[in-house]
Amino acid sequence: MKKIEAIIKPFKLDEVKEGLAEIGNVGMTVSEVKGFGHQKGHTELYRGAEYEVDFIPKTKIEIVVSDEKVASVLETIEQKAKTGKIGDGKIFVYDVAQIIRIRTGQTGNEAL
Amino acid sequence: MEFSTEMKYVLDSFWLLISGCLVMWMAAGFAMLEAGLVRTKNTTAILTKNITLYALACVAYYYVGYNLMYGNGNDFVGSGLMMYGTSADGHSLISDFFFQVVFVATAASIVSGTVAERIKFWPFMGFILVLTAVIYPIQGHWSWGGTSLGGMIDGFSDFAGSTIVHSVGGWAALAGVLLLGARKGKFGADGSIHPIPGSNLPLATLGTFVLWLGWFGFNGGSQLALGSKDDVDAISAVIANTNIAACAGALAAMVLTQLLYKKVDLTMVLNGALSGLVAITAGPDYPSMNLAILIGAIGGLLVVLAIPLFDKLKIDDPVGALSVHLVNGIWGTLAVGIFNPDVALFAQIKGIVVIGAFTFLSSLAVWAVLKYTVGIRVSEEEEYNGMDVSEFGLHAYPEFVERQGA
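Residues numbered from 1 in each chain as written. Chains lettered and ligands numbered in written order. Predicted model: local features only at pLDDT ≥ 70, side-chain atom pairs only at ≥ 80, totals over all residues.

What chain A contains, in helices and strands, is two helices and six strands. For chain A, the C-alpha radius of gyration of 17 Å lies well beyond 13 Å, the compact-globule estimate for 112 residues. When its C-alpha atoms are laid out on the principal axes, chain A stretches across 60 × 30 × 20 Å. Across the 112 residues of chain A, 14% fall into the buried class. In chain A, 70% of the contacts between residues at least 6 apart in sequence involve partners at least 24 apart. (Helix = DSSP H or I, 4+ residues; strand = E, 2+ residues; numbered from the N terminus. Rg over C-alpha atoms; globule rule 2.2 N^0.38 Å. Buried ≥ 20, exposed ≤ 12 C-beta atoms within 10 Å, placed from the backbone. Contact = placed C-beta atoms within 7 Å.)

In structure tokens form, the structure reads like this:
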């Protein structure tokens, strides 16, 4: 079981979500984050004074899937979230030690 | 007991000034209402537009518009009127100018809501300049300027401007939105309609209440006189009717949304109140309160039906300005023809059509010139990032996003 964490541009969320639904993905957790990588911030002016804006709003998607699904999920996210411009984001893959469905107590792959 | 000429002068001018102040306050109402119904990333943009369009409207009307609207000129356009001294009706001319100028600003502010979240700032201001300096004043010359376009719209009766102000703003907005297109993501390729919820319903509600209060000046002041018992009686009826029409519109929207959607929709109730106000504006003086309730209620029903209808027509109106001001501007004007025995329905229809056609076509021409020269729509990337950061470099809610430290 793997956890896939994708940091993407916020306006791409709907496209990614729909793309994942098309390949049978059933759920995700989404959070609004801010960050920066190689994409630098920029300078703004407020009432005559300059200030640095480093952090850019991004959307983080977290999905946990069985091992067989990992490749198709990664491909879908990469394809749907790409604009070709700086700031498209990154995807991270982690191992998951255990999963439990709270309502039923199911564990492992049954809990996906 | 009749007042002396001087007392009448004082009271009439006073009423115009106080009412004008209330109408100016409507600019705050529009700003709050629109800010509440757009997304946070476009809030600075809409607020900036609201204050600058008000400012531009007043200045443009002072230098140019007022002179095209009044004065003897010809039937089509005026030739200028003194701004100082005493009016023909015996009040201060400049108080009259002040009262008129805030009406122009009101018409202009109707446009900003419909084109919100994707219009470019400077071309928008260019359009407002032409609307307030030329388009509005010319059609105003035919009605309040007294020429009835050479008799073409004789008998047309619009007490405070359902057509002359509200539907004029609506037609100008419609012309703009047809050339501008919908916001990205609003309409799916398969014809689906995606709601884009407003970011701040408290502001939208506050804005509606502010507009409601301002409307007492908008309609009440249109009596244009305070200096006699008859005038005060008329003003009293006007304000009481204005208030109750708004109430009826809100209640009608409340009931209809409950029936249609199984839930009362706050944004529709707010629009419903405003629709009642727009609808009664053409004739708040003659109806009984029962009739005012009916007219306002129908306004509320119309707006609830019109909003999804515009969506179906793929016309994206973030604040419902077309449904509130255009649709109910027309309804309110027709209502006078239907219910007021002194006014012919056909005269109302003629006025609506003539003024509507002129406003829509001239607005369409101006928007088209802007679109095909400098462009009126921001780029896709700017729209996604939000107009606040793209056009103004100023977040309305910076702490939500990326302000470092402090």
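A word on the interface of chain A and chain B. Across the contact, eleven residues belong to chain A and six residues belong to chain B. It is strand β3 (residues 42-46) of chain A that provides the largest number of residues to the side of chain A that touches chain B, a total of three residues. Class assignment for the residues of the side of chain A that touches chain B results in seven nonpolar, no polar and four charged. (Nonpolar A, V, L, I, M, F, W, Y, C, P; charged D, E, K, R; others polar.)

Residue and element names in this part refer to chain A. The four strands lie next to each other as β2-β5-β1-β6, forming an open sheet whose pairing is antiparallel. The sheet is open, and its two edges are formed by β2 (29-35) and β6 (89-95), each paired on a single side. Strand-to-strand twist of the sheet, defined as the mean angle between neighbouring strand axes without regard to direction, takes the value 20 degrees. As paired strands, strand β1 (residues 2-8) and strand β5 (residues 56-65) are joined by seven bridges and run antiparallel to one another. Its bridge partner lying in β5, I4 is registered against I63. (Pairing = 2+ DSSP bridges. Axes fitted to C-alpha atoms, helices over the stretch in contact; angles between N-to-C directions.)

Below, the discussion takes up unusual backbone geometry. All names here are of chain B. Unlike most non-glycine residues, S148 shows phi in positive territory, near 45 degrees. Relative to the helices and strands, S148 is located in helix α5 (residues 148-151). According to the C-beta neighbour criterion, S148 is partly exposed, with 19 such atoms within 10 Å. Its identity as a non-glycine residue notwithstanding, L149 has a phi of 50 degrees, on the positive side.

Residues and elements named next belong to chain A. Sheet topology places β3 next to strand β4 (residues 49-53); five bridges connect them, and they run antiparallel. Within β4, the position partnered with Y46 by the bridge is A49. Linking two consecutive strands that pair antiparallel, namely β3 and β4, is a turn of two residues; a positive phi of about 50 degrees is found at R47 within it.

Here we come to the environment of F216 of chain B. All names here are of chain B. Secondary-structure assignment places F216 in helix α7 (residues 201-220). Here the alpha-carbon distance between F216 and I235, two residues 19 residues apart in the chain, equals 9.4 Å. F216 has contacts with L22, I239 and T242, leaving out every residue within four places of it along the chain.

Turning our eyes to something else, we now look at the environment of N340 of chain B. Residue and element names in this part refer to chain B. Within the secondary structure, N340 is located in the loop between α11 (321-339) and α12 (345-373). Linking N340 and Y286, residues 54 residues apart in sequence, is a C-alpha distance of 7.0 Å. Among all residues touching N340, those that are not within four sequence positions of it are G283 and Y286.

Before going further, it helps to examine the nonpolar core. Generally speaking, a soluble globular protein has its nonpolar side chains buried in company with each other. Grouped together as the largest cluster of nonpolar side chains are 120 residues, with contacts concentrated most on A57, V104, A105, A108, A173, A245 and L277 of chain B. When residues no more than four places from it in sequence are discounted, the contact partners of A57 of chain B are V104, A105, A108, I128 and T132 of chain B. (Core = buried A, V, L, I, M, F, W, Y, C linked by C-beta atoms within 7 Å.)

Residue and element names in this part refer to chain A. Mapped onto the fold, T43 is located in strand β3. Residue classification places T43 among the exposed positions, given that 9 C-beta atoms sit within 10 Å. T43 sits eleven residues away from D54 along the chain, and the two C-alpha atoms are 8.5 Å apart. Setting aside chain neighbours within four positions, we find T43 in contact with E50 and E52.

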